[in-house]
Structure formats: C-alpha cells, structure tokens
Amino acid sequence: MADKAAAYFYGRLFAENPHLRGMFPPALDVQRDRLFGALTRVVWSLDSPGSMTSFLSQMGRDHRKYGVTAEHYTAIGTAMLATVRRFAGEIWNDEIEAAWVSAYTAAANIMIESAEADAGVSPAWWLAEVVEHRRPHDDIAVITLRPTQPLPYTAGQYVNVQVSRWPRVWRTFSIANAPRADHSIRLHVRSVPGGWVSGTLIRDTRVGDTLMLGPPMGTMAAPEDKPRDLLFVAGGTGLAPLKAIIEQVIASGHRPGIHLLYGARTSAELYDLPDLIRMESSFPWLQVLPVVSDEPSYDGRRGRLPEVTQRLRSWTEHEVYVCGPVAMVDETVSRLQSDGVPLSRIHRDVVHSER
C-alpha cells in the first residue's frame, strides 16, 4: 500500500507541477522512504508539541538545499491531500479532510518560517574538503572533512551529504565527533549494496575532494545538566553519533559512569575499537564492551546486541542512547522498557539508510 500511495503522490505532484521533477533525484525510492518516515515522525510527535516543532524547523532549514520555497509547500500539500483522500477509502469525510488540511498548513508554516529565518544567517549548504580518508574495513570508511565555513552542530546530530558524481542525491550520515576548534567533522560510512553515495564515498573519494553538506539535523544530544550514569548501545556505524556524545560528556568535565556496548557481526567490523580503547584509557569512567554476533571463535562477548545488553545488568537508573540498524534499535529499546527503563530516558534518532 505504501508503494502505491507513494507512486500516486509523485505522479500527481509531477503531473500538476512538471517543473518540480528536476528538484528530485533520478530514483525516488529513498525519497519515498524519507517522506513516509517524516510523516511517521510527525505522528509520533503529536503528543509532544515541542519535539514536533523542533523536527519540523530542522526539516524546513534542510529543504533549503533543494531550493524549496514557500509555494512548493502548496503543491506538495495538494498532492499529499489527494493521495490520502484516494487511499483512505470509506473512512474519509469532510471532518477528516479539514483536520488534514489544518495539520499540514500548520506544519508547512513552521517549515517555511524556519527556512526564512535561517536564510538570513546560514547558507543553504556547505562545501567541505576531504582532509583524511581511511578504510579500516573493506566496507567501511572513516572520512574527515573541513567545511569552508563553520558548520554549527551539536554532538549527536547528522548531516546530508551530496557527492559530485550524483547531483541531487543526498544521503544521511551521523557526525562522529563533538565540535572541534578547527571545525572539522568526521563521518563513518558503511557500504550499502547498490549504494550510490556510500559506494562513492568509500571507493572513489580521495583527500582533496569536495563534498556538499546540508544543515545538521537530529534531536539526540548529550545531557545538558550533570548526568546520571550513561549507557550507549551502538550497532555498526551507529557508533558515530554516540561517540560524538561521549566526547562531549568527557569535555564537559562531568564524571558519570559510561558503558558503551559496541556491536558488530565480526571482530573485523569493530572498525573503531582502537580509538575507543584510547578514549577508555584516558577516561577511567568509560567502559567499552565489544560484542560480536557471528564469529564463534571470537574471544570476547558474543551474541546479539539487544540480548547482551539485557543480560549484562540492570540499566533502570541510567540515561540510555541507542543507535544502529533499525531492527536492532527497536529490539533494544523494547527490552530496556520491559526491564523498567522509562522511555523518557531512552534516546534514539531516526536516521535513514544510506545508498
């Protein structure tokens, strides 16, 4: 149903506004996933107006990189309403339509106002030079970028990246370090089968190349006050934002106990373990716990990351951060909740798959 609805939405949008097609990438599958992901995020946030406003404001600023203007929201809203009306079936009525129109208008106004406010103080995108490129694993690259002008962000956020080979194709990657004096940022990139951007970043990107970055997004951030003890659960390159938050906590001068469970299928895919061990040796309150799921000969903790997290100890008094593959994150959050960790103390962010 989602595929049919998305096809109808884009068909309707481009039929009525053919000039908009050039603003979208050649393939619309990831764009479709992002559209429905954003709608899902808005629905989840209905009971938290502050969170929804923050999310929509970030989206409005991010849309500037596509050249989106106020009138585009009208065209998108018209196509979206037509799609919902068509696929809602017999439950649709005038009252529901009025509610949809009201909700979309309010959301669009937040995004438009945020974009207009941002236009006076920030660029729509940033250029960034590749200053370091490492491949600690065949399918993983660690890339350090230096934007040509400062990129303001908080530890735990992510950016959209465009490479010159694929114009209008933006993919999301988390920033793997807390803000630095030299303004450089580090990305952890895992190759995705058939991935346009991830493959280019891993195999074809060199020091000296220039990338384009969208504005930082995401709501997962380090605790603002003196935090309780912290648990971080990282699957694969989901380590990136959690490592940035840990760096921020260490730099804050606070000394909470920190457990980092860092999981991968094989020990070779624990690509950042040497640097984590260095961090652990310089900050005695940090304990790094590697976990491997698919390597029987591994001499360490073995098993699926959600299960290992649950059986290791009780985390009910901890502030918890979880990032990685969606299925892993969902299961870990579910297990933590069942063990008594309040959902209000479990932090996760929605970062779309890279391709």
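Owing to the predicted nature of the structure, the values given are computational and were not obtained by experimental measurement.

Reading guide: rules and limits
- Residues numbered from 1 in each chain as written.
- Predicted model: local features only at pLDDT ≥ 70, side-chain atom pairs only at ≥ 80, totals over all residues.
- Heavy atoms only, no water.
- Salt bridge = Lys/Arg side-chain N within 4 Å of Asp/Glu carboxyl O.
- Helix = DSSP H or I, 4+ residues; strand = E, 2+ residues; numbered from the N terminus.
- Buried < 20%, exposed > 50% of the residue type's maximum accessible area, 1.4 Å probe, protein only.
- Axes fitted to C-alpha atoms, helices over the stretch in contact; angles between N-to-C directions.
- Parallel < 35°, antiparallel > 145°, perpendicular 65-115°, else oblique.
- Left-handed = near helix turned anticlockwise from the far one by under 90°.
- Contact = heavy atoms within 4.5 Å.
- Nonpolar A, V, L, I, M, F, W, Y, C, P; charged D, E, K, R; others polar.
- Polar contact = N/O pair within 3.5 Å; in protein donor to acceptor, adjacent residues only side chain to side chain.

## Some thoughts on the pattern of salt bridges
Applying the stated criterion across every chain yields a total of 19 salt bridges. We note a salt bridge from Arg146 to Asp182, for which the minimum N-O separation is 3.5 Å. Pair noted here: Arg146 is in strand β2 (residues 140-147) and Asp182 is in the loop between β4 (171-174) and β5 (185-190), with a separation of 36 residues, a long-range link. Assessed through its relative accessible area of 37%, Arg146 is described here as partly exposed. Note that Asp275 and Arg278 form a salt bridge whose closest N and O atoms lie 2.8 Å from each other. One end of the pair, Asp275, and the other, Arg278, are both in helix α8 (residues 273-282), three residues apart, so they sit about a helical turn from each other. The exposure class of Asp275 is partly exposed, given its relative accessible area of 22%. The partly exposed category is assigned to Arg278, whose relative accessible area is 46%.

## Some points on the packing of helix α7 (residues 239-252) against α8
Between two packed helices, both the angle of their axes relative to each other and the distance between the axes serve to describe the pair. Where α7 contacts α8, the axes come no closer than 12 Å and their chain directions differ by 20 degrees. Here α8 runs roughly parallel to α7, going by the angle between their axes. Along this stretch, α7 crosses α8, giving a crossing that reads as left-handed. Here Leu239, Lys243, Ile246, Glu247 and Ile250 of α7 come into contact with α8, specifically with Asp275, Leu276 and Met279. Looking at the contact of α7 with α8 residue by residue, the classes come out as five nonpolar, no polar and three charged.

## Topic: the side chain of Asn177
With respect to the helices, strands and loops of the structure, Asn177 is situated in the loop between β4 and β5. A distance of 3.4 Å separates a polar side-chain atom of Asn177 from the backbone oxygen of Ser184. Excluding residues within four positions of it along the chain, Asn177 makes contact with Tyr153, Ser184, Ile185, Arg186, Ala244 and Glu247.

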